[in-house]
Amino acid sequence: MSGTLMRMAGPTVVAEGLSGASLNEVVRVGEERLLGEIIRIEGDRATIQVYEETAGLALGEPVEASGEPLAVELGPGLLGSVFDGVQRPLSELAAREGDFLGRGASLPALDRTRAWEFEPAVAPGDRVEGGARLGVARAPGAPDHPVVVPPGVTGRVAEVRGGARRVDEPAVLLEGGATLALLERWPVRRPRPARRRLPPDVPFLTGQRVLDCFFPVSAGGTAVVPGGFGTGKTVLEQSLAKWAAADVVVYVGCGERGNEMSEVLDEFPRLEDPRTGGPLLARTVMIVNTSNMPVAAREASIYTGCAIAEYFRDMGRSVALMIDSTSRWAEALREISARLEEMPGEEGYPTYLASRLARFYERAGRVETLGGAEGAVTMVGAVSPPGGDLSEPVTQCSLRATGALWALSADLAHRRHYPAVDWSVSFTLEGDRLAGWFEREAGDGFGALRDEARKLLQRERELAEVAELVGTESLQDAERLVLESARLLREGFLRQSALDPADATCPPAKAFEMLRLFLEWHRRAGAAVGAGVPLRSILDTGLGARLLRLAQLPAAEVPGAAAALRADLSEALARLEAE
């Protein structure tokens, strides 16, 4: 089916003669066959968002409908790849086109020339259905890639073709003539089905103490990370990609500055995967859509990343989907909505912003896959609120759809406190559901310690306001002890160094032992102050400095160091009380 262009307004064009077209159908626009998607149909006229630069298009040029929705290619070769927002392989296109892509440039997302050794797990006569494992694809220098039956496909195996196969060659033939290759295609806006959702009672461990202990999120949960310029959003997401409990990382750079994405592309291949010792990029898929790329492709990029994440989830893997940032995606949505002359909502965003965000975040979850395995997609979406204003629409709509808020503070970042998570603003809705896991796996009493630590930090904030008026020296020793204990907690527990091999990540057991010792120091020092021991004498023991060095110890050495520090604390306080 084909039509002709009759109207153009930036990346949005209108074509007539497409009376049989469907919503979200992919089309090719103009003589250069630019990629586009139908987003509105009125009679035989279709409104199309074009995923490439539209300058130079002329009225009357042809528009050809494909009959298919916007879809991604899923199969061996995804890991380690870098795509744009509509899954064009950027590395291969750069080798062919140069650093700047020409209009209409296109290549298949997965390499059609590379051969994979297919080791089948089915035989003729076997009955297969969606989610069933067909076998494993292997290639030198690449991890083993499970091959599963796409959702909605059922049948009985008629023939199996093992050995060297390209991704588009039939590997399994079903009775009735249907064929299954190593490659499958899936519409990006359609969630992949699962057998059932599992309860959110297992945490998504990030390796960051402030997140895991104070604001945990479940595996398959969602978190939003708002923060202004320079607060460390990108660095935090890179730390999560490296250290979080995820088998696969899908990183979506949505509308970020080109030089920032260049740094990310340069950094990821050099980051070492702590699991394998190889490059972190080997278990990462990157979707890159910079701010100078067409705005319509930016809107599609997060769906492309989500469809890829769900694909690996269906293999029984835990997937972390990092989006940086949803604010740029919302800006693209606002621009497209304006060109469609839709009724604007707050700050010009479309009135359906909240529902679109909620529908997207609902695709996260820990599930039992169609094949019976357990997989999860955990979403972490960065937000860039103008001026750090958390009351702006994108942040507020994200809060209503996610389970945790990890708010980044410009004040903490300026004080070189990283991760700059503001514990007075951040929250989690999943702490109670995950409390049982932390009590079992980290240590009995973990929840009580966390509550005590948060109360100590809140009390410090109250006393700091008083100290600003009357001065610290005017406070009683018991109140000054609160300020000192909170300082030690902030600097020795909540702050982490991404450059220290022992402190870059922290398992829950180490965090529990550290937190217990910090709070024990506060309680016992408080008892000594109540017994008449001057606070200055307690501080002169130097035990506070030893507390701060706990984070620099490997996890295996922390229990021994904590026991020694606890003994020295008892001896020092007993001596001071006897004087």
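Residues numbered from 1 in each chain as written. Predicted model: local features only at pLDDT ≥ 70, side-chain atom pairs only at ≥ 80, totals over all residues. Heavy atoms only, no water.

A. Broad picture of the sheet that holds strand β13 (residues 155-160). Judged by pairing direction, the sheet is antiparallel, and its 4 strands sit side by side in the order β10-β13-β15-β16 without closing on themselves. This sheet does not close on itself; its edge strands, each paired only once, are β10 (127-128) and β16 (179-181). With 2 bridges connecting them, β10 and β13 associate as antiparallel partners. Counted as the bridge partner of Val128 is Gly155 from β13. (Pairing = 2+ DSSP bridges. Helix = DSSP H or I, 4+ residues; strand = E, 2+ residues; numbered from the N terminus.)

B. Inspection of the pattern of salt bridges at higher detail. All chains considered together, the criterion is met by 43 salt bridges. Between Arg196 and Glu368 there is a salt bridge, with the nearest N and O atoms lying 2.7 Å from each other. With Arg196 in strand β18 (residues 196-197) and Glu368 in strand β23 (residues 365-368), this residue pair connects regions lying 172 residues apart in the sequence. On the accessibility criterion, Glu368 (17% relative accessible area) is buried. Between Arg433 and Glu430 there is a salt bridge, and its shortest N-O distance comes to 3.9 Å. Among the residues examined, Arg433 registers a relative accessible area of 46% and is labelled partly exposed. (Salt bridge = Lys/Arg side-chain N within 4 Å of Asp/Glu carboxyl O. Buried < 20%, exposed > 50% of the residue type's maximum accessible area, 1.4 Å probe, protein only.)

C. Inspection of the UniProt feature "binding site: ATP" in the protein chain at higher detail. Per the UniProt entry, the sites bearing "binding site: ATP" are Gly227, Gly228, Phe229, Gly230, Thr231, Gly232, Lys233 and Thr234 in this numbering. Position of Phe229 relative to the elements: it lies in the loop between β19 (222-226) and α3 (233-243). Mapped onto the fold, Gly232 is located in the loop between β19 and α3. (UniProt positions renumbered as here; feature names shortened; annotations may be inferred.)

D. Main features of the nonpolar core. Core analysis: the biggest nonpolar cluster contains 83 residues, and Phe268, Trp406, Phe493, Trp521 and Ile538 have the highest contact counts within it. At 11 residues, helix α13 (residues 508-530) tops the list of elements feeding residues into this core. When near neighbours in sequence (up to four residues on either side) are disregarded, Phe268 contacts Gln238, Ala241, Tyr251, Leu280, Leu281, Thr284 and Met286. Within the second largest apolar cluster, 72 residues are counted, among which are Leu35, Leu78, Leu182 and Ala401. (Core = buried A, V, L, I, M, F, W, Y, C linked by side-chain atoms within 4.5 Å. Contact = heavy atoms within 4.5 Å.)

E. The arrangement of the side chain of Glu460 in detail. For Glu460, the location among the structural elements is in helix α11 (residues 446-470). Given a relative accessible area of 12%, Glu460 falls into the buried group. Within the structure, Glu460 has its side chain in polar contact with the side chain of Arg490 (distance 3.0 Å). Beyond its immediate stretch of four places on either side in the chain, Glu460 contacts Val482, Leu483, Ala486, Arg487 and Arg490. (Polar contact = N/O pair within 3.5 Å; in protein donor to acceptor, adjacent residues only side chain to side chain.)

F. Geometry of α3. α3 sits mainly inside the fold: 9 of its 11 residues count as buried. Where α3 is buried, its residues contact α2 (209-214), β19, β20 (248-254), α4 (258-267), β22 (318-324) and β24 (374-383).

G. Focus on the domain arrangement of the protein chain. By the assigned domains, the protein chain splits into domain 1 (2-69), domain 2 (111-182), domain 3 (196-381 + 394-403) and domain 4 (446-578). Taking only C-alpha atoms, the centre of domain 2 and the centre of domain 4 are 58 Å apart. (Domains from an automatic or database assignment.)

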